[in-house]
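Summary of the model geometry
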Amino acid sequence: MNYRKLGKTGLSVSEIGLGAEWLERHNTEECKAIIAKCEEKGINILDCWMSEPNVRSNIGEGIKGKRDRWIIQGHIGSVWLDGQYVRSRKLDEVIPAFEDLLARLGTNYIDLGMIHFVDKESDWENIVNGDFIKYVFELKETGRIHHIGLSTHNPAIAKKAAESGFVEMILFSINPAFDMLPATDNIEDYFVQDYDASLGGISSERAELYRICEKNSVGITVMKGFAGGRLFDEKRSPFGVALTPVQCLHYCLTRPAVASVMAGFDNPEQVDASVAYETATDAEKDYATVLANAPRHAYSGQCTYCGHCKPCPVDIDIAMVNKLYDLAVMQPELPASIKAHYDELEHYASECVGCRGCESRCPFDVPISERMRMAEKVFGK
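Small disclaimer: the values here were computed from a predicted structure and weren't measured.

Here is what the cut-offs are and how they apply
Residues numbered from 1 in each chain as written. Predicted model: local features only at pLDDT ≥ 70, side-chain atom pairs only at ≥ 80, totals over all residues. Heavy atoms only, no water. Helix = DSSP H or I, 4+ residues; strand = E, 2+ residues; numbered from the N terminus. Patch = residues over 30% accessible without salt bridge, like charges linked within 9 Å, V, L, I, M, F, W, Y side chains within 5 Å. Areas by Shrake-Rupley, 256 points an atom, 1.4 Å probe, with all protein chains shown as cover. Salt bridge = Lys/Arg side-chain N within 4 Å of Asp/Glu carboxyl O. Buried < 20%, exposed > 50% of the residue type's maximum accessible area, 1.4 Å probe, protein only. Contact = heavy atoms within 4.5 Å. Polar contact = N/O pair within 3.5 Å; in protein donor to acceptor, adjacent residues only side chain to side chain. Arc of directions from axis to C-beta. Axes fitted to C-alpha atoms, helices over the stretch in contact; angles between N-to-C directions. Parallel < 35°, antiparallel > 145°, perpendicular 65-115°, else oblique. Left-handed = near helix turned anticlockwise from the far one by under 90°. Nonpolar A, V, L, I, M, F, W, Y, C, P; charged D, E, K, R; others polar.

Looking now at unusual backbone geometry. For the peptide bond that leads from K310 to P311, omega is 0 degrees, which places it in the cis range. Positive phi, normally seen in glycine, also occurs at S217, with a value near 55 degrees. Within the secondary structure, S217 is located in the loop between α8 (204-215) and β11 (219-223).

As a further point, take a nonpolar patch on the surface. A cluster of nonpolar side chains, contributed by V329, L334 and V378, occupies part of the molecular surface with about 200 Å² of accessible area. Topologically, V378 is positioned in helix α16 (residues 368-379).

For the structure shown, the criterion picks out 19 salt bridges. Salt-bridge contacts for E121 lead to K160; the nearest nitrogen and oxygen are separated by 3.4 Å. Residue E121 is located in helix α4 (residues 121-128), and its partner K160 is located in helix α6 (residues 155-162); the two are separated by 39 residues in the primary sequence. D343 serves as the salt-bridge partner of K381, at 3.2 Å between the closest nitrogen and oxygen. In this pair, K381 sits in the segment after α16 while D343 sits in helix α14 (residues 336-343), placing the two residues 38 residues apart along the sequence.

Right, let's talk about helix α2 (residues 53-63) for a bit. Across the 11 residues of α2, eight count as buried, placing the element largely inside the fold. Considered for burial, the residues of α2 that qualify are P53, V55, R56, N58, I59, G60, G62 and I63. Buried residues along α2 sit in contact with α1 (28-40), β4 (45-48), β5 (71-76), β6 (78-81) and α3 (91-105). In this structure E52 caps α2, since a side-chain oxygen of it lies 3.1 Å from the backbone nitrogen of N54.

As a further point, take α4. An α-helical turn contains 3.6 residues, so any two residues separated by three or four positions project in the same direction. Among the residues of α4, D123, W124 and I127 are the ones counted as buried. One side of α4 carries all its buried residues, which in axial view fall inside an arc of 100 degrees. Of the surrounding elements, those touching the buried residues of α4 are β7 (84-87), β8 (110-115), α5 (131-141), β9 (145-152) and α6.

Attention now goes to the packing of α3 against α5. The geometry of α3 relative to α5 is characterised by a closest axis approach of 11 Å and an angle of 25 degrees between their N-to-C directions. Comparing the axis directions of α3 and α5 gives the class roughly parallel. With respect to the hand of their crossing, α3 and α5 are arranged in right-handed fashion. Contacts from L91, V94, I95 and F98 of α3 reach α5 at D131, F132, Y135 and L139. Split by residue class, the contact of α3 with α5 holds seven nonpolar, no polar and one charged.

The analysis is restricted to geometry; functional conclusions fall outside its scope.
Written as structure tokens, this is what we have:
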């Protein structure tokens, strides 16, 4: 495993990290097995943005007795209310949620205290001009967090954070589909646009962000590096071609200021597949040839199953419905296994009330209400 300095934090992090989001789907023993495999392969950084109590406790069990070998990204503002995840800036909700994170992980400090999920200008202004940021500074002053970070999908907000002077690192969404945005709405013109060749065709706004981060020693850890698995399948990839985990990782790790890619794992074998990057050949890492020959490109409207659409007023697991729907429509007929998984959900797409609150929280402008109607047609409920 190779290790990189995470900007001005001075921390040395494994270039492959554990994005623990998918551990929500697993029991304690399964979580412990995945974490143990990560340790075996030299992974030393994990991200826990989730507020769900069981997954926090399971991660705590997985790192028990080995806390010192882990660099933890723990999120401030991710709370659990009425049985659902909620992003909050209210200190009477934020403080208990952070104390719960410490208790369940079995630690008295978080290495990287992440200001959770800031994508809007108004949210940034409220944070930096209110009590929320005072609480974050207090956590750092008392040693309960060692460094201040921020998570965002918006390059404009990331730029503000990188220039703020107090944000030391950023958790940012990077992959070829998100970065190689066309400068025009006309996809036919995509490959003739004048992008920055030194950064592999990346959009100018994101190129500027990465340069600012590198200049200011603001390290980046990566989320959405695989676009929710979409990039592995040519039928689901916005490029119309499939990439490998190694190619996606190499794309992310060749961006300026990037120190680690937080990969999601459902089993120990997937850890091996990502860590294979460390011994991959240049030919295996080559994503540029694949993308240069890609027949198409798209970005907006792509669900990566991140879960930020929560909470749902009728408690639909929107991300899982979207994932099962995407899997279902890849097949000429609805597979029985996918139908069975859908039938096991506690709430179905048909229960969607069309409030569109989820759409206001979606970082990628996914038409969720419309997709719920389409999922209802596919699954019959």
